[in-house]
Amino acid sequence: FVGVYSSVLQEHGLIRLWYDFRSSTPDGVYEFEDRVAYAESKDGVHFAKPVLGLHEVDGTTGNNIVMPGIIGGCSIWIDPHAPSQHRYKNQAKVYPAHKFRMHSSPDGLRWDLYAKIDPGRGGFDTQSIVFWDPSVERYVLYTRRWVEPSGQPKAARYRTVRRLESDNLVDWDNENVVMEADATDLATHETPTPQPPVDYYGANVFRYEEAEDVYIMLAQAFWHWKERDARGLGPSTFDVRLAVSRDGKSFQRTAGREPFMATGKAGAFDSRFVWAMPQPIRRGDELWIYYVGSNQDHDRVIDPAANGKHLTGIGRAVLRLDGFVSLDAGYEGGDFTTPPMRFAGNRLELNVATSGGGSMRVELLDEDYHPLPGYSGKDAIRLYGNSVRFPVRWRDTSDVSSLSKQPVRLRVRMQDCKLY
């Protein structure tokens, strides 16, 4: 079956997928043997599993395995400062020693041990994310940190996500926690044990290249608030929560804390587990977020609606470009006014989706909220449609070059539509 710690990259006209492939070990020493296998696709939907012949597994080299043995999945990225033979990197748990190791590769297929990583006390038992961050000119690592509250039993400990920095991918410093259950999270449910109702098993963090100094976090929320049996608290499920940051350190929850990626329908392959892979793929005006799903929860209880059939798989979630959150207006409408902003260019484009009866108008104001001549509410043309680049017009013009570089406020009047 497919394990959650899997990765995807887009390059050379291909979408390249490395997935955590698990099978039972015959000797019974470990319940599962984790390997990393490889697949690729031109369209992002139909994937081929090439026979690579790199490793003999189960008596044959006729397979697509790129990392054999017992390795806890993959988190593959491209290091822009590495020589060609170490261009691809992957950090993961390695068994049976349960150590944190980084491997490197010249092509993403042939891997060798690169470094032993020690992020210090706190743990790393998750899909750990590493990338070069040009804003600090260092490598950054997002990984697990266990917290054990003072004076509480071990059952009260909980998982958080921490961030560290490094110059050489070996020595790590400047640790800080970037995601943990706060008072709002803890108030969602009362639990029958000291364990909190939710903690954060890990988080996929990436710089969003379509905007300046924006970091996106897809945090993996692990829910356990319901009394069940000796296996632990239920429902023992995962969904994905969204947070954003301007520095990669301080993250803000969004969209009223609604799940960004919720679990699937009862009995489906993703009804109990949704785990977003690192780094969405941009294709045109869409972002493709690949994820691993399972209908078996963390305690290995299969969704009853599946009639005992364990299902796992890799899915693709499609998002409009820049569509992580939206400002929504209902049937009766509403409006909002932005803080002053300065811009360069000659026209304003909005990422908007209206209903058939919905619309949007944009008025331009000065710092003191006075309408600018020619761009007032009376001049504004109603917009309707669905586009990530909808041009805004006022009477017979869309040209705003005369206002470039001066402070301008936008007053947006919306009805039955979404502004992204």
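Higher on the page you've got the structure.
Residues numbered from 1 in each chain as written. Predicted model: local features only at pLDDT ≥ 70, side-chain atom pairs only at ≥ 80, totals over all residues. Heavy atoms only, no water.

Draft legend 1. The sheet that holds strand β7 (residues 99-105), seen in detail. With respect to topology, 4 strands assemble into an open sheet ordered β5-β6-β7-β8, the strand pairing being antiparallel. Across the chains shown, the open sheet's two edge strands, defined by having one partner strand only, are β5 (76-78) and β8 (112-116). Ignoring strand direction, the axes of neighbouring strands in this sheet form an average angle of 35 degrees. With 4 bridges joining them, β7 and β8 adopt antiparallel strand pairing. Paired with R101 across the two strands is K116, which belongs to β8. (Pairing = 2+ DSSP bridges. Helix = DSSP H or I, 4+ residues; strand = E, 2+ residues; numbered from the N terminus. Axes fitted to C-alpha atoms, helices over the stretch in contact; angles between N-to-C directions.)

Draft legend 2. Spatial organisation of the sheet that holds strand β9 (residues 129-133). The strand order across the open sheet built from 4 strands is β9-β10-β11-β12, with neighbouring strands paired in antiparallel fashion. Strands with a single pairing partner mark the edges of an open sheet, and in this sheet they are β9 and β12 (173-179). Each strand axis lies, on average, 30 degrees off the axis of its neighbour in the sheet, ignoring direction. Pairing between β9 and strand β10 (residues 138-147): 5 bridges, direction antiparallel.

Draft legend 3. Up close: the pairing of β12. Of the strand pairs in this sheet, strand β11 (residues 158-166) and β12 are connected by 4 bridges, and their pairing is antiparallel. Considered in β12, the bridge of E165 is made with D173. From the end of β11 to the start of β12, which pair antiparallel, there are 6 residues, and L169 there has a positive phi angle of about 70 degrees.

Draft legend 4. How the structure looks around empty space enclosed by the protein. For the structure shown, the criterion picks out 1 cavity of 30 Å³ or more. Per-class residue counts for the lining of the largest cavity are 4 nonpolar, 6 polar and no charged. (1 Å grid on protein atoms, 1.4 Å probe; cavity = no way out; pocket = protein on both sides within 12 Å on 5 of 7 lines; lining within 4 Å. Points joined across faces, edges and corners; volume = space filled by probe spheres on them. Nonpolar A, V, L, I, M, F, W, Y, C, P; charged D, E, K, R; others polar.)

Draft legend 5. Expanded view of the pattern of salt bridges. Scanning all chains against the criterion turns up 33 salt bridges. Between E175 and R162 there is a salt bridge, and its shortest N-O distance comes to 3.0 Å. Of this pair, E175 sits in strand β12 while R162 sits in strand β11; the two residues are 13 residues apart in sequence, bridging distant segments of the chain. Take E175: its relative accessible area is 39%, and that puts it in the partly exposed class. The network of salt bridges with shared partners includes R138, R163, E165, D167 and D173. (Salt bridge = Lys/Arg side-chain N within 4 Å of Asp/Glu carboxyl O. Buried < 20%, exposed > 50% of the residue type's maximum accessible area, 1.4 Å probe, protein only.)

Draft legend 6. Structural context of the packing of aromatic side chains. By the definition in use, this model includes 17 aromatic pairs. Ring pairing ties together the aromatic residues Y5, Y201, F222, F238, F273 and W275, which thus form one cluster. Across from the ring centre of W146, 3.7 Å away, lies the NZ or CZ of R157, which sits over that ring. Between the NZ or CZ atom of R409 and the centre of the ring of Y369, over which it lies, the distance is 4.0 Å. (Phe/Tyr/Trp six-rings, centres within 6.5 Å; stacked < 30°, edge-to-face > 60°. Lys NZ or Arg CZ within 6 Å of the ring centre and 35° of its normal.)

Draft legend 7. Highlighting the environment of D322. Mapped onto the elements of the fold, D322 is located in the loop between β20 (312-320) and β21 (327-329). On the basis of relative accessible area, D322 is assigned to the partly exposed category, the value being 35%. Residues D322 and D118, 204 residues apart in the sequence, show an inter-C-alpha distance of 36 Å. Leave out the neighbours within four places in its chain, and D322 touches Y208, E210, L287, N351 and Y420. At 2.6 Å, the side chain of D322 forms a polar contact with the side chain of Y208. (Contact = heavy atoms within 4.5 Å. Polar contact = N/O pair within 3.5 Å; in protein donor to acceptor, adjacent residues only side chain to side chain.)

Draft legend 8. Inspection of the layout of surface pockets at higher detail. By volume, the largest pocket amounts to about 910 Å³. Lining the largest pocket are 26 residues, and of these A211, R246, D322, V325 and Y420 lie nearest its centre. Sorting the residues of the lining of the largest pocket by element identifies β15 (232-245), β16 (252-253), β23 (349-365) and β25 (409-419) as the ones contributing at least two each. Split into classes, the residues belonging to the lining of the largest pocket amount to 15 nonpolar, 5 polar and 6 charged.

Draft legend 9. Up close: the environment of A82. Within the secondary structure layout, A82 lies in the loop between β5 and β6 (88-94). C-alpha separation for the pair A82 and A37, spaced 45 residues apart in sequence, amounts to 24 Å. With residues near it in sequence (within four places) discarded, A82 still touches R87 and K89.

Draft legend 10. Local environment of the side chain of S376. Looking at where S376 falls in the secondary structure, it is placed in the loop between β23 and β24 (386-391). Those residues in contact with S376 that lie beyond four places of it in its chain are E363, P371 and W394.

Draft legend 11. Inspection of unusual backbone geometry at higher detail. Cis geometry is found at the peptide bond from G234 to P235, where omega equals 0 degrees. Checked against the element boundaries, P235 lands in strand β15. Backbone geometry at D213 places phi at a positive 55 degrees, although glycine is not the residue there. Its location among the elements puts D213 in the loop between β13 (198-207) and β14 (215-229). Positioned with a positive phi, S236 is a non-glycine residue whose angle comes to about 55 degrees. Secondary-structure assignment places S236 in strand β15. The class for S236 is buried, based on a relative accessible area of 1%.

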